[in-house]
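# Observations on the three-dimensional arrangement
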Amino acid sequence: MNTHTTDLLSINATLSLILLGFPVAALAQVQSVETNATDGVAEASMLADEFSSTQLTVAQLMANAVAAFLAATEAAVVAQTPESTAVIAETLTIQPRFGVGYITDGGSHNSLGRFEAFVPLDQEPGETISFLEGRLVVGANDDVGGSLLLGYRGYRNAQNRIRGGYVGLDARNTGNSDFYQLGAGYESLGDDWDFRFNAYLPLGDRSNTISDTTIDTGFQVSTGFVGNQFILNSQRQQERLFQQEHALGGFDAEAGYRLMRWDAGDLQAFGGLYLYDSPDTPAYLGWRLRLASNFTPNFNGGLSLQDDGLFGTRLVLSVGATFPGTRANDSEDPVERVQARLGDPTVRSPEIAVFWDEDRETIFESNTSPLINPEEEQAYRFQHVTLGATGGDGTFENPFGTVQEGLNAAVGDGNDVVYVDGSNAINIPAFTIPERVRVLSQGPAQTIAGLPFPGFETGAVRLPFSPTTNFAEGIVVELPLSGDGNFPNITNGVTLGNRTVLAGFRIDNATGEAIVGSNIRNAELRNNTITNPGGRGIAFNNVGGSVVAFDNIIRNSAGSSIFVENTTSAQRLDLSIIGYEITASNNIGMEFVTLPTGGALGAPSQVIAVQPSDASLNTSQGNSDGETPANAITDSTNQGIVLRSEGTARNDASTQEFSFDAGSISRNGSSGVLATSNLNGGSQEISVTNSTISNNVGAGVEIVNGTTVPPNTASAQELFLRNNEILDNGGSGVDIILNALGAQEITVNANRILRNGGDGIRSIANAGLQEFPILEDGSAGITSNIISGNAEQAIDVEANGDAIIAVLNARDNTLENNSGGANVVDIDVAATSTNNSVCTVILSNTVPTGIALTTFSNNPTDRALYLVQNLNTVSFENNGTLVQLINGNTGLPEPAAFSNETNFCVP
């Protein structure tokens, strides 16, 4: 058998042993094959059969590679015969070298450049060598990798072959991941035939997630009526893009034959198999055909064609150069040519194989449910009404034809909504809303609150009968078909029940009162327009709990446009009027009364807040005339607003708290605001802020406490006027009267009080206790106002009878162009009785016409108590204004009747 055949049999037997995973001792069979060709053929055949029935694993490949390496080392030692030693020449000594190269994209790696070095550690020229081989690679995407190998080769003279092996460590940084692997290999090099086997075992984490992105289309929502339910639908699609990098283990094996040789180079052809494997990917077996050429001792190149199920088919080109060059193999002696290959570079994968994996996951979510009422935690129930329809059952598909049918079908458990389509302009007869039922029209845009549902924005929402958001986690949904502008007309009015809602209607020419609520709790009125009622527009009698009125318009009412009266203490009323327009009432614009009837149910209580429209709170939008309410009370024949809080001879008290903000009260037939608190225990707290009160026939703001006829019993008032425009009224801008034994505390701060027909501010205390107090922030009392152009004095304060003015704090006011006849001053504070007690703090005012402080002093033992803060410097502290200290009896100056006060009238 010739040498080529023996080498081929040795290669086949060794490959079979490695692939089957035999232990190291099995390598003795390789030596047997090399020494006995015939036995080797039989052995190779047997090993091939075993290979066909044995499962291949990467761990087995690694173990076999190491076994091959040890066997090759032993064989090389045995092969040292005197004959081989005799041919060694000094020219066969391997020198250290370095090299550079480039390889195109191979699927498992990008195009990359390499830098490498081969360093012999120990060698017996022509016989054995141990070496280090290092390699640094830089990819086209700035990937960086490298390897360090420890190898051993030995020459066997009997077969004229070199056998060797290596172990090494590889590293690769992809820009996203760092991977490491252990490598091992076996090689058999000859004059014509070569065989190589390499195994790769990744170390540590073999997979790294480089991107995990979820693309969410968001919920696509829809709503609609089905039967008596309001159905919510939402659909959502999410797409998850999951990108990973996997370090691949496996092996490659190839055999090659020298095709030609020339003086300083050669050309070889190789064919082989390779395997890629990872715990997160299937194993892929591929094939490779390769041409490799040493053009010269310094320059080499190669071209390969490969294919596998993971990276597909690839054509890979490589070029390289080494310095100094690899040993020339143009010797005529085959032994020397083979021995010279002890210094060949190892041939293996250029860097750790990495597979980039992208996985897409699509998730669909679909939700359908009726809208749930947050108050009752049950589904809303809609009774649909299309005016003029016949034969309906209240479902969306088959609606009732009248509102009364819808009301009759309502259960009254708090979930019923009678929803009215007024596109057929048919008048609705008067009706009463049963307890816990809502009646809504499609005229305004209507929204309704519900429990959270996927796809709908969740947040704080307002439930009925609340003037503010009062439910922390809910949704707001617009009712389909609402906002069509068709506001149905109700003839002769509506009567409200407990916890009822009326929204989006017209009430034209009602013969009596348009909307009535009596002895009920909790109601809500939204976006209703009342025109020409024969009585009051809205009338509440003994209504308690929370009542909310949003954006209602009342025009030309025969009585007061809004009238609220409570006579018992059975239920306190909290009334919020948020958005309004009151025009041409034939009585009073808004009238609020607490009037106890005596007995066990006395002492009624009201808390009333009037403020401008707020679209963030109102769950209806739009009125029948298409205009936003003006937040104004105009052209009433009497007062714009009347507040009455009274007691009885039985000492039954009643209380009112009233606030009016950012509104307008103008052109009314008497005072803009009149507040009276009479008889026993009646009390009021009144606040008017940021508003305009103008062109009213009487005073802008009129406050009256108590009566001048017996029984002169006590009542109390607090008045706060801040940041208002009070101008062009027929009477005084602010007119305050205290009678009987009542008490008043008054703040008039930062207002513009202009061009009124009386005084700017007029206060008459006939009895009781009055104070314009001093607070730490200086805002109380009469402070920081502009009082100009009024027909009489700017500030006129008078104490009569037994009245006490505990403190009059007048500071930082600008007073100008006020008149009232010759010698009339801007600030006049008078004590008209020897029984009066008055204390003034008048500082930092701009007072062009002077200050007059008047008291009565017949003799030192019989005179009013009149205290003046910093008496000696009052003129200086008010821009040098002339200050007159007058005896009211004689009309002459009498400073001795006044006492100096240094502690702001505080005891």
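Fair warning: this is a prediction, and the values are worked out from it, not measured in the lab. (Residues numbered from 1 in each chain as written. Predicted model: local features only at pLDDT ≥ 70, side-chain atom pairs only at ≥ 80, totals over all residues. Heavy atoms only, no water.)

## Remarks on the packing of aromatic side chains
For any pair of aromatic rings, the description consists of the separation of the ring centres together with the inter-plane angle of the planes. The criterion, for reference: Stacked, edge-to-face and tilted are the three classes for Phe, Tyr and Trp ring pairs, Trp counted by its six-membered ring, which pair at centre distances within 6.5 Å; planes under 30 degrees apart are stacked, over 60 edge-to-face, the rest tilted. Strands are runs of DSSP state E lasting at least two residues, helices are runs of H or I lasting at least four, and both sets are numbered from the N terminus onward. Throughout, exposure labels follow a simple rule: accessible area from a 1.4 Å probe, protein chains only, divided by the maximum for the residue type, with under 20% read as buried, over 50% as exposed, and the rest as partly exposed. Geometrically, a lysine NZ or arginine CZ counts as sitting over a ring once it is within 6 Å of the ring centre and also within 35 degrees of the ring normal.
Under the counting rule described, the total for this entry stands at 20 aromatic pairs. Taken together, a centroid distance of 5.5 Å and an interplanar angle of 85° make the contact between Tyr276 and Phe311 edge-to-face. Of this pair, Tyr276 sits in strand β11 (residues 265-278) while Phe311 sits in the loop between β13 (299-308) and β14 (312-323), and the two are 35 residues apart along the sequence. Assigned by exposure class, Tyr276 and Phe311 land together as buried. Ring geometry for Tyr866 and Phe898: centres 4.8 Å apart, planes at 70°, overall edge-to-face. With Tyr866 in strand β63 (residues 865-869) and Phe898 in the loop between β64 (883-887) and β65 (899-901), this residue pair connects regions lying 32 residues apart in the sequence. Overall, Phe898 belongs to the buried group, its relative accessible area being 6%. Through pairs of rings, three or more aromatic residues link up here, namely Phe225, Phe230, Tyr380, Phe382, Phe396 and Tyr419. We note Arg97 situated over the ring of Phe118; from NZ or CZ to the ring centre the distance is 4.5 Å.

## Some remarks on the pairing of strand β59 (residues 837-843)
Quick note on the threshold: Here, a strand pair is defined by DSSP locating no fewer than two bridges between the strands.
Counting buried residues in β59 gives six out of seven residues, a clear majority hidden from the surface. Summarising the sheet, strand β56 (residues 804-811) and β59 pair through six bridges and their orientation is parallel. Bridging across to β59, Leu808 finds its partner in Thr840. Here β59 runs beside β63; their pairing, made up of four bridges, is parallel. Within the sheet, the bridge partner assigned to Cys839 lies in β63 and is Leu867.

## Overview of the environment of Arg240
Rules: Pairs of residues are marked as contacts when any of their non-hydrogen atoms sit within 4.5 Å.
Of note, Arg240 is situated in strand β9 (residues 229-247). For the pair Arg240 and Ile215, spaced 25 residues apart in sequence, the C-alpha separation works out to 6.1 Å. Once residues within four sequence positions are removed from consideration, Arg240 is found in contact with Asp212, Thr213, Thr214, Asp359, Arg360 and Glu361.

## Let's talk about the state of the cysteines
Applicable threshold: Cysteine sulfur atoms are paired as a disulfide whenever they fall within 2.5 Å.
Scanning the model with the defined rule gives one disulfide in all. Note that Cys839 is cross-linked by a disulfide to Cys905, the S-S spacing being 1.4 Å. When the S-S torsion is -60°, as for the bridge of Cys839 with Cys905, the disulfide is left-handed. Note that Cys839 is positioned in strand β59 and Cys905 in the segment after β65, a separation of 66 residues in sequence. The burial state of Cys839 is the same as that of Cys905; both residues are buried.

## Considerations on unusual backbone geometry
In the segment running from Phe323 into Pro324, the intervening peptide bond is cis, with an omega of -10°. Turning to its location among the elements, Pro324 is positioned in the loop between β14 and α6 (334-339). In the Ramachandran plot, Arg499 falls in the positive-phi region, its phi being about 55° despite a non-glycine side chain. By the secondary structure assignment, Arg499 is in the loop between β25 (494-495) and β26 (500-503). Among the residues examined, Arg499 registers a relative accessible area of 29% and is labelled partly exposed. A positive phi angle, near 60°, is found at Asp728, a position not held by glycine. Counting through the fold element by element, Asp728 comes out in the loop between β47 (725-727) and β48 (734-738).

## Observations concerning the environment of Val607
Looking at the secondary structure, you find Val607 in strand β36 (residues 605-611). Through-space distance from the C-alpha of Val607 to that of Thr655 is 8.5 Å; in sequence the pair is 48 residues apart.

## What about the sheet that holds strand β23 (residues 459-461)?
In space, the four strands of this open sheet follow the order β23-β24-β22-β37, with antiparallel pairing throughout. Across the chains shown, the open sheet's two edge strands, defined by having one partner strand only, are β23 and β37 (620-621). The pairing of strand β22 (residues 445-450) with strand β24 (residues 471-478) spans four bridges and is antiparallel. What sits directly across from Ala449, in β24, is Val476.

## Side note on the sheet that holds strand β15 (residues 354-370)
The condition is simple: For helices, the fitted axis covers only the stretch in contact; all axes are lines through C-alpha atoms, and the angles between them, taken along N-to-C directions, range from 0 to 180 degrees.
Spatial strand order, β8-β9-β15: three strands in an open sheet with antiparallel pairing. The open sheet has two free edges, formed respectively by β8 (207-226) and β15, since each of these has just one partner strand. Mean inter-strand twist for the sheet, computed between neighbouring axes without regard to direction, equals 10°. Here β8 runs beside β9; their pairing, made up of 17 bridges, is antiparallel. Paired with Phe225 across the strands is Phe230, a residue of β9.

## Some words on the side chain of Asn785
Positionally, Asn785 belongs in the loop between β53 (781-783) and β54 (786-788). Asn785 has contacts with Val748, Asn749, Ala750, Asn751, Asp812, Asn813 and Thr814, leaving out every residue within four places of it along the chain.

## What about the pattern of salt bridges?
We apply this condition: What makes a salt bridge here is a side-chain nitrogen of Lys or Arg within 4 Å of a carboxyl oxygen of Asp or Glu, nothing more.
By the definition in use, this model includes 35 salt bridges. The salt bridge involving Asp191 is made with Arg261; its shortest N-O contact spans 3.2 Å. Here Arg261 lies in strand β10 (residues 249-262) and Asp191 lies in the loop between β6 (178-189) and β7 (193-203), a separation of 70 residues in the sequence. The closest approach of N and O atoms between Glu254 and Arg196, which form a salt bridge, is 3.4 Å. Separated by 58 residues along the polypeptide, Glu254 in strand β10 and Arg196 in strand β7 bring together distant segments of the chain. Three or more residues are tied together by salt bridges with common partners; here these are Arg114, Glu116 and Arg135.

## Brief notes about the environment of Gly185
Turning to its location among the elements, Gly185 is positioned in strand β6. Classification of Gly185 by relative accessible area gives buried; the value is 0%. Considered as a pair, Gly185 and Arg348 are 163 residues apart in the sequence and their alpha carbons are 8.4 Å apart.

## Overview of the confidence of the model for the protein
Basically, it comes down to this: Per residue, pLDDT measures the predictor's confidence, with a range of 0 to 100.
On average, residues of the protein carry a pLDDT of 86, and 86% of them reach 70 or more. Here residues 1-88 is a poorly scored stretch, pLDDT under 50, and it has 132 contacts once near neighbours within four places are set aside; other chains count.

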